[in-house]
Amino acid sequence: QVQLVESGGGLVQAGGSLRLSCAASGRTFSSYAMGWFRQAPGKEREFVAAISRSVGNTYYADSVKGRFTISRDNAQNTVYLQMNSLKPEDTAVYYCAAGGIVTMKEYSYNYWGQGTQVTVSS
């Protein structure tokens, strides 16, 4: 069982930056691939970024590639999402998720956080 708690969301102007954190409980954090997803009002939840368990291979949605960076600190049981050059269309609730394999597929993740709101003003 893994519990995930996101933090770091907020209101930022277009062009600004935010860093989201996702703290995981348990001693097996390093055995999970981690992902970030987001859901904008009236839209389906979509993949943002993912990172593998130990080697740290990373994957990004085309819409955030070059602007967002996912990283993890297994000693701190935490995964991060550094978001730069934010755009109004990045406004959404951001969720972190843990699963057995690194994938862009939402259904492959077994554990989810409660989400943190990111709002980008124009």
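Relevant structure appears above.
Treat the numbers as computed from the prediction; the structure is a model and nothing was measured.

Trainee: I'd like a rundown of the sheet that holds strand β1 (residues 4-7), residues and numbers included.
Mentor: The strand order across the open sheet formed by 4 strands is β1-β3-β8-β7, and the pairing between neighbours is antiparallel. The sheet is open, and its two edges are formed by β1 and β7 (68-73), each paired on a single side. Shown here is a sheet whose adjacent strand axes are inclined to one another by a mean of 15°, direction ignored. Where β7 and strand β8 (residues 78-83) come together, 6 bridges link them in antiparallel fashion.

Trainee: Explain the pairing of strand β5 (residues 46-51) to me, and be specific about the residues and the numbers.
Mentor: Of all the 6 residues making up β5, 5 are buried; the element is thus mostly covered by neighbouring parts of the structure. In the sheet, strand β4 (residues 33-39) pairs with β5 via 5 bridges, with the strands oriented antiparallel. Following the sheet pairing, Met34 is matched in β5 by Ile51. With 3 bridges connecting them, β5 and strand β6 (residues 58-60) associate as antiparallel partners. For Ala50, the partnering residue across the bridge sits in β6 and is Tyr59. Counting the residues that bridge the hairpin from β5 to β6 gives 6 residues, and of these Gly56 lies at a positive phi of roughly 85°.

Trainee: Explain the state of the cysteines to me, using residue names and the numbers behind them.
Mentor: Working definition of a disulfide: a covalent bond connecting the sulfur atoms of two cysteines. Going through the model one piece at a time under the given rule, you end up with 1 disulfide. There is a disulfide in this structure between Cys22 and Cys96, and the S-S distance comes to 1.9 Å. Between Cys22 and Cys96, the S-S dihedral sits near 45°, and the bridge is therefore right-handed. Note that Cys22 is positioned in strand β3 (residues 18-24) and Cys96 in strand β9 (residues 92-99), a separation of 74 residues in sequence. The same class applies to Cys22 and to Cys96, which are both buried.

Trainee: Explain the environment of Ala50 to me, and be specific about the residues and the numbers.
Mentor: Structurally, the position occupied by Ala50 is in strand β5. For Ala50, a relative accessible area of 1% puts it in the buried group. With 52 residues separating them along the chain, Ala50 and Val102 place their C-alpha atoms 6.4 Å apart. Once residues within four sequence positions are removed from consideration, Ala50 is found in contact with Met34, Gly35, Asn57, Thr58, Tyr59, Ile70, Val102, Thr103 and Tyr109.

Trainee: Give a detailed account of the pairing of β3, specifying residues and quantitative values.
Mentor: Counting buried positions over the 7 residues of β3 gives 5, a clear majority of the element. Here β1 runs beside β3; their pairing, made up of 4 bridges, is antiparallel. Its bridge partner being in β3, Leu4 is matched across the sheet by Ala24. In this sheet, β8 lies alongside β3 in antiparallel orientation, the contact comprising 6 bridges.

Trainee: Please give an account of the nonpolar core that cites residues and values.
Mentor: Counting residues in hydrophobic clusters, the biggest one holds 34 residues, and the most contacted among them are Met34, Trp36, Leu81, Met83 and Tyr94. Sorting the residues of this core by element identifies β3, β4, β5, β7, β8, β9 and β11 (116-121) as the ones contributing at least two each.

Thresholds applied
- Residues numbered from 1 in each chain as written.
- Predicted model: local features only at pLDDT ≥ 70, side-chain atom pairs only at ≥ 80, totals over all residues.
- Heavy atoms only, no water.
- Pairing = 2+ DSSP bridges.
- Helix = DSSP H or I, 4+ residues; strand = E, 2+ residues; numbered from the N terminus.
- Axes fitted to C-alpha atoms, helices over the stretch in contact; angles between N-to-C directions.
- Buried < 20%, exposed > 50% of the residue type's maximum accessible area, 1.4 Å probe, protein only.
- Disulfide = S-S within 2.5 Å.
- Contact = heavy atoms within 4.5 Å.
- Core = buried A, V, L, I, M, F, W, Y, C linked by side-chain atoms within 4.5 Å.

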